[in-house]
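Given next are the chains, with one letter for each unit.
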Amino acid sequence: METLKGIAVSPGVAIGEVFVLDDQRRRIARRTVAAGQVQGELDRLDHALKKSIEELSAVRERTNRELGEEAGKIFAFHLGMLSDRTLTGPIRELINKELVTAEYAVFATFTSLADRFSALGDAAFKTKVDDVHDLSIRVLKHLIGAHTSRLAALKHRAIVLARDLTPSQAAAFNKSQVLAFVTELGGRTGHTGIFARAMQIPAVVGCPRVTAGVADGTPIIVDGDTGTVIIDPDSETLERFTRKQERAALFSISQAELRQLPCVTLDGTPIDLQGNIEFPEEVPSVLGSGGNGIGLYRTEFLYLAGDEEPTEEVHYAAYAQCVELLGGRSLTIRTVDLGADKYTQDRADNPERNPMLGLRSIRYCLKNQAMFKRQLRAILRASAIAPGCIRIMFPLVSKVEEYRSAKFFLNDVMEDLQEEGVAFDRNVKVGMMVEVPTAAILADKFASQADFFSIGTNDLVQYTLAVDRTNEQVADLYHPANPAVIELIRRTVKAAKEARIPVSCCGESAGELEYTMLLLGLGLRTLSASPTYLPALKRLIRSVTIAQCEAVAEKVADFDSDVAVSSYLRDVTRKIIPEAFDGRPGED
Ligand code: PEP
Ligand code: MG
């Protein structure tokens, strides 16, 4: 038995068998095909090489254009290799003579070439080793996709272990087969964790060496409440966690009884509890968990789930489905928040050096206008189904001009629709996420432009504290309870109240019980969180008064350390709702 510790990102306990999803530079198993399938494998190889050459030519052209021909020559080696018969010849020969799959032939040939470069020992050739690996990954991507390929082989329920998962890889999971997952990389609010919560499966990230030496089929326990991963548990441990699973099931039954009760504090103040979703199919689970609408629809998952950019009709169908499922309740559609760890780096020919500070979110949309307008058209068209239901929200706005530009595009699209005689809600509310310090510091300026704010603590913490939210090595520094973050929330709520615009919180802190009293005490009356968290939130809200929450917010203002704030908040909350903390870290 071996116990490992990672970062808990999605609650619950799973008990099952290991399924290891290999790293990108993985070994491709040697698989043979029947003689009659050889031509098919050669055709697959030709297709993959052709697609890779097309991609590389496009990168070279763009580099020539933007950086000059000298820079473009970097890709000459890559292109030269893929067109060189001395490389492609042996791949074909391997398929023809040994009847192996195209992916194995590519893998074996590139690996042997990289080994030969490596053995030369010369620094100039060492860089070629990386080039060869990159090329191999590029061609393999066209043959078998990214990590997801091995998943196709998953025919039973299992717990997936991987070095890392991108949100699009997680999106390819078959929900009925993946019981839980654990990765070696990643942080608390990375999008892979968000995805696990959407799927309502336990997950742990930032768990060092979890894939090392573990074979498929090994028994494993994953505790998504504490971040504990136990490989090959003994019978006593197995029994303890089985009991924990049963207790959690009982707790969720008692939560279910709460659903019909109003979400008000003990002194009768109504709190609007809404849900965060990534897919329309999650709407019923938000409503079933006591949510009163959707406070954050992360529409970028429309892009992450497939290989192609969604068409206007795909967007429209998703939004229309949500509106219909919501029956008149509010739907806040966030325009695509691509970039950073979502989509663009995976598919970029020129990945950014520092994507978290790069071309992401609204910046990406403003530079990809056709794509942005396609989405805005679809949202506006869907707004006609139930006028007043849809709100549009722009992510990661950091400058007032950026907000104005986004509105400008929206107005442009409205004019087009008007001219075409297409119906839409002219009074649709348009707001923004407050998730970078500039937006919080200048909240009064933004409040005069926007119809509403939603505070995104995930990014607000990342950018205020200069801590990458996906990096397990600095996860201990990532803390929503940092007094600087609390001060920015306080400022944002105050500016919104003064401008009389609605303000909510939709970051992960909105779903974490220890922050609820603080957020209510700071003046928030709308919280939006993953459906998993809604029942417990409602229970806590119904057990406190606003005066108690205000006292908590006032007390917190005296602290100068995140650890002190956090343990204070935890203690106060635990006294009110001890059963919700059952089995969490530090609670035993
Ligand atoms: C946030 O940053 O808090 C947020 C809700 O957006 P996302 O997690 O999708 O970046
Ligand atoms: Mg964000």
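None of the values given here were measured: they were computed from a predicted structure.

Chemist: Summarise the site of ligand 1; cite the residues concerned and give the values.
Modeler: Around ligand 1, the surrounding shell holds 16 residues, and the nearest of these are R298, R334, G456, N458 and R469. Between an oxygen atom of ligand 1 and a side-chain N or O atom of R298, the distance comes to 2.7 Å. One of the backbone nitrogen or oxygen atoms of T457 is found 3.1 Å away from an oxygen atom of ligand 1. For ligand 1, the protein covers 100% of the area, taking 290 Å² as the surface of the free molecule.

Chemist: So what's going on with the coordination of the magnesium ion (ligand 2)? Residues and values would help.
Modeler: Within the first shell, the magnesium ion (ligand 2) binds the protein through E435 (OE) and D459 (OD), at distances of 2.0 to 2.1 Å. Separated by 24 residues along the polypeptide, E435 in the loop between β13 (429–434) and α18 (437–441) and D459 in helix α20 (residues 457–465) bring together distant segments of the chain. A single burial state applies to E435 and to D459, both of which are buried.

Chemist: Kindly report on the packing of helix α22 (residues 513–521) against helix α23 (residues 534–541), identifying the contributing residues and their values.
Modeler: At a closest axis distance of 10 Å, the pairing of α22 and α23 adopts a crossing angle of 50°. As far as their axial angle goes, α23 and α22 are oblique. Seen along the crossing, α22 lies across α23 with a hand that is right-handed. For the pair formed by α22 and α23, the contact residues are L513, T516 and L520 on the first element and A536, L537, L540 and I541 on the second. By residue class, the composition of the contact of α22 with α23 is six nonpolar, one polar and no charged.

Chemist: Describe a negative patch on the surface, naming the residues involved and giving the relevant values.
Modeler: Where like charges cluster on the molecular surface, the negative patch consists of D267, E550, E554 and D558. Along the chain, the position of E554 falls in helix α24 (residues 546–556). We classify E554 as exposed; its relative accessible area is 61%.

Chemist: How would you summarise unusual backbone geometry if you had to cite specific residues and measurements?
Modeler: One non-glycine residue, D232, lies in the positive phi region at around 55°. By the secondary structure assignment, D232 is in the loop between β8 (228–231) and α10 (235–256). One non-glycine residue, R500, lies in the positive phi region at around 55°. Relative to the helices and strands, R500 resides in the loop between α21 (483–499) and β15 (503–505).

Chemist: Account for the packing of α22 against helix α25 (residues 562–576), naming residues and giving values.
Modeler: At a minimum axis distance of 8 Å, the contact between α22 and α25 shows a crossing angle of 100°. Accordingly, the angle class assigned to the pair α22 and α25 is roughly perpendicular. Within the contact between the two elements, α22 uses L513, E514, Y515, M517 and L518 and α25 uses L569, R570, V572, T573 and I576. Partitioning the contact of α22 with α25 into residue classes produces seven nonpolar, one polar and two charged.

Chemist: Go over α23 with me, naming the residues and quoting the values.
Modeler: Of all eight residues making up α23, eight are buried, and the element is well covered by its neighbours. All of the buried residues along α23 are L534, P535, A536, L537, K538, R539, L540 and I541.

Chemist: Outline the environment of S136, supporting the account with residue identities and numerical values.
Modeler: Along the chain, S136 turns up in helix α6 (residues 123–144). Measuring from C-alpha to C-alpha, the distance between S136 and F107 comes to 6.7 Å, with 29 residues separating the pair along the chain.

Chemist: Just give me the short version of the pairing of strand β11 (residues 330–334), but keep the residues and values in it.
Modeler: Of all five residues making up β11, four are buried, and the element is well covered by its neighbours. In the sheet, strand β10 (residues 293–298) pairs with β11 via four bridges, with the strands oriented parallel. Its bridge partner lying in β11, I294 is registered against L331.

Chemist: Can you tell me about the packing of aromatic side chains, naming the residues and giving the values?
Modeler: For the structure shown, the criterion picks out seven aromatic pairs. Through a chain of ring-to-ring contacts, the aromatic side chains of F372, F394, Y403, F408 and F409 assemble into a single cluster. Its end group placed over the ring of Y316, R381 keeps NZ or CZ at 4.2 Å from the ring centre. One Lys or Arg, R391, reaches over the ring of F452 and ends 3.7 Å from the middle of that ring.

Chemist: Let's hear about the side chain of S528: which residues, and what values?
Modeler: Mapped onto the fold, S528 is located in strand β16 (residues 526–529). Only 2.6 Å separates the side chain of S528 from the side chain of N276, close enough to count as a polar contact.

Chemist: Explain the nonpolar core residue by residue, including any values.
Modeler: In terms of nonpolar packing, the biggest core is built from 107 residues, with Y297, L331, F394 and F453 touching the most fellow members. Setting aside chain neighbours within four positions, we find L331 in contact with I294, Y297, Y319, C322, V323, L326, C389, I390 and R391.

Chemist: Let's hear about the pattern of salt bridges: which residues, and what values?
Modeler: A side chain with one charge may pair with a side chain of the opposite charge, provided their charged atoms come close. Per the stated rule, a full pass over the model turns up 31 salt bridges. As a salt-bridge pair, R163 and E184 come within 3.5 Å of each other at their nearest N and O atoms. With a gap of 21 residues between them, R163 in the loop between β4 (158–162) and α8 (167–171) and E184 in the loop between β5 (178–183) and α9 (191–199) connect regions that are remote in the sequence. Judged by relative accessible area, R163 falls into the partly exposed class, the value being 37%. According to the relative accessible area criterion, E184 is buried, its value standing at 11%. One network of salt bridges, with partners in common, ties together E300, R334, D337, R360, D459 and R469.

Chemist: Lay out the state of the cysteines in plain terms, naming residues and giving numbers.
Modeler: Under the defined criterion, the tally for this structure stands at zero disulfides. With no disulfide partner, C506 has as its closest neighbouring cysteine sulfur the one in C505, 6.4 Å distant.

Chemist: Talk me through the sheet that holds strand β1 (residues 2–5); I want residue IDs and the actual numbers.
Modeler: A sheet is described by the order of its strands in space; here eight strands give the open sequence β1-β8-β7-β3-β4-β5-β6-β2, paired in mixed fashion. The sheet is open, and its two edges are formed by β1 and β2 (7–10), each paired on a single side. For this sheet, the mean angle separating the axes of adjacent strands, direction not counted, is 30°. By the bridge criterion, three bridges tie β2 to strand β6 (residues 203–205) in an arrangement that is antiparallel. Following the sheet pairing, I7 is matched in β6 by V205. The sheet contacts of α9 involve β2, β5 and β6, and relative to β2 the element is tilted by about 45°.

Calculation criteria
Residues numbered from 1 in each chain as written. Chains lettered and ligands numbered in written order. Predicted model: local features only at pLDDT ≥ 70, side-chain atom pairs only at ≥ 80, totals over all residues. Heavy atoms only, no water. Near = heavy atom within 4 Å. Polar contact = N/O pair within 3.5 Å; in protein donor to acceptor, adjacent residues only side chain to side chain. Areas by Shrake-Rupley, 256 points an atom, 1.4 Å probe, with all protein chains shown as cover. Donors = N, O, S within 2.8 Å, 3.2 Å for Na, K, Ca; no water. Helix = DSSP H or I, 4+ residues; strand = E, 2+ residues; numbered from the N terminus. Buried < 20%, exposed > 50% of the residue type's maximum accessible area, 1.4 Å probe, protein only. Axes fitted to C-alpha atoms, helices over the stretch in contact; angles between N-to-C directions. Parallel < 35°, antiparallel > 145°, perpendicular 65-115°, else oblique. Left-handed = near helix turned anticlockwise from the far one by under 90°. Contact = heavy atoms within 4.5 Å. Nonpolar A, V, L, I, M, F, W, Y, C, P; charged D, E, K, R; others polar. Patch = residues over 30% accessible without salt bridge, like charges linked within 9 Å, V, L, I, M, F, W, Y side chains within 5 Å. Salt bridge = Lys/Arg side-chain N within 4 Å of Asp/Glu carboxyl O. Lys, Arg positive; Asp, Glu negative; His and termini not counted. Charge placed at Lys NZ, Arg CZ, Asp CG, Glu CD. Pairing = 2+ DSSP bridges. Phe/Tyr/Trp six-rings, centres within 6.5 Å; stacked < 30°, edge-to-face > 60°. Lys NZ or Arg CZ within 6 Å of the ring centre and 35° of its normal. Core = buried A, V, L, I, M, F, W, Y, C linked by side-chain atoms within 4.5 Å. Disulfide = S-S within 2.5 Å.

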